[in-house]
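As a plain string of letters, each chain reads:
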Amino acid sequence: MPSLPSQLAARIEAVAGVDPELRPATKPQFGHFQSNVALRLAKAEGRPPREVAADIVARLDIDDLCETPDVAGPGFINLRLRSDVLAAAVNAQLADEHAGIAQAQTPQRVVIDYSAPNAAKQMHVGHLRSTIIGDCFHRVLAAKGHTVIAQNHIGDWGRQFGMLIEQALDEGLDLDALDLAGAEELYQRANAHIKADDDFAARSRDRVVALQAGDETTGRMWDKLVGLSKNGFNQTYARMNVRLTDADYAGESIYNEMLPQVCADLEERGIAVHDQGALVVFVDGFDAPAILRNSQGGYGYDVTDVAAVRYRVDELGADRLIYVVGSEQTYHFNLIFALTRQAGYLPERVEARHVGYGMVLGPDGKKFSTREGTAVHLDDLLDEAEQHAAPQIALAAIKYADLSNALQKDYVFDPERMTATTGDTGPYLQYAHARVCQILRRAEAEGHRTGPVTVIDEPAEQELALWLTRFGEAVDEVAAELTPHKLCTYLFELATKYSVFYEKCPVLRSEGQVLSSRLGLCAATRQVLAAGLDLLGMAAPERM
Ligand code: ARG
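So, how was this worked out
- Every chain's residues receive numbers from 1 upward, in the order its sequence appears when written.
- For a predicted model such as this one, the threshold for reporting local features is a pLDDT of at least 70, and the threshold for listing and counting side-chain atom pairs is 80 or more; totals across whole chains, interfaces and linings nevertheless cover every residue.
- UniProt positions are given in the numbering used here, feature names are shortened, and annotations may be inferred rather than shown by experiment.
- Note on conventions: DSSP H or I runs of at least 4 residues are helices, E runs of at least 2 residues are strands, and numbering of each starts at the N terminus.
- Residues with at least 20 other C-beta atoms within 10 Å of their own are called buried, those with 12 or fewer are called exposed, and the rest are partly exposed. The C-beta atoms themselves are positioned from the backbone.
- Here is the check we use: build the C-beta atom from the backbone, and if it is within 6 Å of the molecule or strand, call the residue near.
- Under this grouping Gly is polar, as are all residues other than the nonpolar Ala, Val, Leu, Ile, Met, Phe, Trp, Tyr, Cys and Pro and the charged Asp, Glu, Lys and Arg.
- The rule for pairing is simple: two strands pair if DSSP sees at least two bridges between them.
- To obtain an axis, a line is fitted to C-alpha atoms, over the contacting stretch when the element is a helix, and the angle between two such axes runs from 0 to 180 degrees between their N-to-C directions.
- Contact between two residues is assigned whenever their backbone-derived C-beta positions fall within 7 Å.
- A clockwise course of the path from the first strand over the helix to the second, judged with the strands pointing away from the viewer, identifies a crossover as right-handed.
- The split of the chain into domains comes from an automatic or database domain assignment.
- To estimate how far a helix should reach, multiply one less than its number of residues by 1.5 Å.
- To form a nonpolar core, buried Ala, Val, Leu, Ile, Met, Phe, Trp, Tyr and Cys residues must be joined through C-beta atoms within 7 Å.
- Rotating anticlockwise by less than a right angle from the far helix to the near helix defines a left-handed crossing, while the corresponding clockwise rotation defines a right-handed one.
- Known as pLDDT, the predictor's confidence for each residue is given on a scale from 0 to 100.

Within an unreviewed UniProt entry, the label attached to the protein reads Arginine--tRNA ligase, and the organism entered is Propionibacterium ruminifibrarum. For the protein, the Subcellular location (unreviewed entry) comment in UniProt is given as "Cytoplasm". Quoted verbatim from the Sequence similarities (unreviewed entry) field of UniProt, the annotation for the protein is "Belongs to the class-I aminoacyl-tRNA synthetase family."

This is the structure in structure tokens:
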């Protein structure tokens, strides 16, 4: 069911002929909403605005939703929802297993590409953001009733494996005993070695050829390196409470066997051309071409993503593709989308979106790095936040910091501010939830009945009730626009309105119907806060 404000707007539009552009009233005595539609129409019609307003009001059929509207000032229409209508809407939402989130009428298959760290390297802060943002999209779209297919496009193929394997063989290293941190050190030693030793560099190149040719020893070692990398990633995922599982790994390597066919298809159809020994596609509007195969016959990042689009559309049956990857890859994805549209791999009916995001900055406002100037590991960040708060609170702090601003913005990693239980933080929302739980626990212990909501006469009750019923709209917006900060803002506002309500309207000190009605509002607040926190990937502890 559409929210009360949208039902109301539709009714007014039916009479006025244009969108009434309902705005929240500036003061409780003006009701809940105000429209300037009469002022706008009066200009066009050359009539006095108050007359136009009175005319619209006389023709409105909204008695089942609103009190009789007032015409105020120069011709504003003030609307007040009926309090029994508000109460019924809250009760219906409280009884709804989806907490007022309308289920999609045409469920889609949505592929979300997120996290995507690189094998033999620990995750860094860029992967942290991708993981958190992608997990939020996953939860929001699943809550709308869509089928979400997570694709963890890890970097598990490519030239670096030549040197990793060669270095491990040189050292006689036991890969079974290696963990991800150890693999990263191996990577660094191999990297130093390849720069200093031409013979090693040549052997590493041969090792890549052996890997691609299916050599058995090489393949086994590759397998181990990828396996231990996944183990390391999984430990971090478990720590982060995200939905990614083993089944979601779809690394670059799975596309390997599709690449020659993609190249052949694009070449045959005249879309790909030879340029200085390489096979490339020039796409209108892009300065640099997409490289399908380099002059040595090697395949790279571009062609892998072309194959991935094709696979996701044809094999996974995607209706929508979402890529959560840092903003520095915007050009890459625009190029891939344009190319695959042109090639017909990405039909018009499938929406494709790259959602970029900004950097995490250190306390000095510069790109976050260790004292040695290397990238900060994600686990170190989690450790640092946990110095300030318990794990599930520290985690909520980081996630909220990541999600509560427009994604494109950089943000400063400030564990002290992020973990505070006051202000616009994740822990503040958790704390608000725990407080409501405490009141409901006490009410239960005292034997009071919670709900239904029946009496909502106080402005603070009405504000809270109205805001509660707008949860579904807030979620819809995030699902459509992929803007998690709007959900954060909604929940922060909810916590604030609840505080005002709690301050202005005694709950446990009231009696009878008023008491059970106010407890009903508390229960509805708990429901929405818990559901909202879950969509952001945060725990909703009942005690704090
Ligand atoms: N592994 C890449 C990186 O760390 C991100 C991959 C993103 N996904 C993709 N389909 N290209 O930068």
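Read on, since the account is not over.
**Q** Would you mind going over the overall build of the protein with me for this structure?
**A** Each helix and strand counted, the protein has 20 helices and 13 strands in total. Here the C-alpha coordinates of the protein stretch approximately 85 × 60 × 40 Å along the principal axes. Burial status across the protein gives 44% buried among its 544 residues.

**Q** What is the right way to read the UniProt feature "domain: DALR anticodon binding" (unreviewed entry) in the protein from this model?
**A** Under the UniProt annotation, the feature "domain: DALR anticodon binding" (unreviewed entry) is placed at residues 429-544. In the segment residues 429-544, helix accounts for 72% and strand for 0%; the C-alpha atoms at its two ends are 11 Å apart.

**Q** For this particular structure, what's the right way to read the site of the ligand?
**A** All residues in the neighbourhood of the ligand are listed as Asp113, Ala116, Asn118, His153, Gly155, Asp305, Ala308, Tyr323 and Val325. Classifying every residue of the shell around the ligand gives four nonpolar, three polar and two charged.

**Q** I'm lost on the sheet that holds strand E10 (residues 320-324) in this one. Help?
**A** In a beta sheet, neighbouring strands pair by backbone hydrogen bonds and run either parallel or antiparallel. Strands sit in the order E6-E5-E10-E11 across an open sheet of four strands; the sheet is parallel. The open sheet has two edge strands with one neighbour each: strand E6 (147-151) and strand E11 (351-355). Within this sheet the neighbouring strands show an average axis-to-axis angle of 15°, counted without direction. In this sheet, E11 lies alongside E10 in parallel orientation, the contact comprising five bridges. When the sheet's bridge partners are listed, Tyr323 is paired in E11 with His354. The sheet contacts of helix H5 (residues 125-143) involve strand E5 (109-113), E6, E10 and E11, and relative to E10 the element is tilted by about 155°.

**Q** What's the story with the sheet that holds strand E7 (residues 273-275) in this structure? I'm lost.
**A** Overall, antiparallel pairing links the three strands, which are arranged E7-E8-E9 in an open sheet. Because the sheet does not close on itself, it has two edges, and the strands there are E7 and strand E9 (290-293). The sheet shows a mean angle of 50° between the axes of neighbouring strands, taken without regard to direction.

**Q** Hey, could you run me through the pairing of strand E8 (residues 278-281) in this one?
**A** Along any regular strand the residues' side chains alternate between the sheet's two faces. Pairing of E7 with E8, which is carried by three bridges, proceeds in the antiparallel orientation. Within E8, the residue paired with Asp275 across the bridge is Ala278. Here E8 pairs with E9 via three bridges, running antiparallel. For Leu279, the partnering residue across the bridge sits in E9 and is Arg293.

**Q** Is there a simple way to think about the pairing of E6 in this case?
**A** Bridge analysis of E5 against E6 gives five bridges, and the strand direction is parallel. Bridge pairing in E6 places Arg109 opposite Thr147. On the question of chirality, the crossover connecting E5 to the parallel E6 by way of H5 is right-handed.

**Q** Which parts of the structure should I look at to understand the domain arrangement of the protein?
**A** It is common to report an interface's size as the accessible area lost on association of the parts. In terms of domains, the protein is made up of domain 1 (4-81), domain 2 (158-242) and domain 3 (426-535). The centre of domain 1, based on its C-alpha atoms, is set 68 Å off from the matching centre of domain 2.

**Q** Before we go on, may I ask you to explain helix H1 (residues 4-16) in this structure?
**A** Owing to its 3.6 residues per turn, the α-helix aligns residues three or four sequence positions apart on the same side. The end-to-end C-alpha distance of H1, which contains 13 residues, comes to 18 Å, matching closely the 18 Å that a straight helix rising 1.5 Å per residue would cover. Close packing links the buried residues of H1 with strand E2 (33-35), helix H2 (37-45), helix H3 (49-59), strand E4 (76-79) and helix H4 (83-95). Looking one or two places after H1, you find Gly17, whose phi comes out positive at around 85°.

**Q** Explain H5 to me, please; I cannot follow it from the model alone.
**A** If you check H5, its first and last C-alpha atoms are 27 Å apart, about what 19 residues at 1.5 Å a residue would give, namely 27 Å. Here H5 lies mainly inside the structure; 16 of its 19 residues are buried. Two residues or fewer after H5 comes Gly145, characterised by a positive phi angle close to 95°.

**Q** Help me out: how do you make sense of the UniProt feature "domain: Arginyl tRNA synthetase N-terminal" (unreviewed entry) in the protein in this one?
**A** Here the UniProt feature "domain: Arginyl tRNA synthetase N-terminal" (unreviewed entry) sits at residues 6-81. Segment residues 6-81 splits into 41% helix and 16% strand. End C-alpha atoms: 12 Å apart.

**Q** I keep staring at the nonpolar core and nothing clicks. Help me out?
**A** Buried together is how nonpolar side chains tend to be arranged in soluble globular proteins. In this structure, Val90, Leu164, Leu225, Ala397, Ala465 and Val475 are the most contacted members of the largest nonpolar core, which totals 159 residues. Excluding anything up to four places from it in sequence, Leu164 contacts Ala120, Leu186, Tyr187, Ala190 and Leu225.

**Q** What is the right way to look at unusual backbone geometry in this model?
**A** Backbone phi values are negative for most residues with the exception of glycine, while trans is the configuration of most peptide bonds. Of note, the amide linkage connecting Gly451 to Pro452 takes the cis form, showing an omega dihedral of -5°. Relative to the helices and strands, Pro452 is located in the loop between helix H16 (426-445) and helix H17 (459-468). Here Gln276, not a glycine, exhibits a phi torsion of approximately 50°, which is positive. By the element assignment, Gln276 lies in the loop between E7 and E8.

**Q** Which parts of the structure should I look at to understand the packing of H16 against helix H20 (residues 512-535)?
**A** The description of two packed helices rests on the angle between their axes and on the distance between the axes. In the contact formed by H16 and H20, the axes pass within 9 Å of each other and the chain directions differ by 145°. Considering how the two elements wind past one another, H16 and H20 form a crossing that is left-handed. Along the contact surface, H16 presents Leu429, Gln430, Ala432, His433, Val436, Cys437, Ile439, Leu440 and Ala443, while H20 presents Leu519, Cys522, Ala523, Thr525, Arg526, Leu529, Ala530 and Leu533. For the contact of H16 with H20, a count of residues per class yields 13 nonpolar, three polar and one charged.

**Q** Quick question: what am I supposed to make of the confidence of the model for the protein here?
**A** Do not read the fine detail of predicted coordinates wherever pLDDT is low. Overall, the predicted model of the protein reaches an average pLDDT of 95, with 99% of residues at or above 70. For this predicted complex, the interface score ipTM comes out at 0.99, while the overall pTM is 0.95.

**Q** Explanation requested: the environment of Leu81 in the structure shown.
**A** Relative to the helices and strands, Leu81 resides in the loop between E4 and H4. The exposure class assigned to Leu81 is buried, which follows from the 24 C-beta atoms found within 10 Å. As for Leu81 and Phe337, which are separated by 256 residues in sequence, their C-alpha atoms are 47 Å apart. With sequence-adjacent residues up to four places away left out, Leu81 is seen in contact with Leu4, His32, Leu65, Cys66, Leu86 and Leu466.

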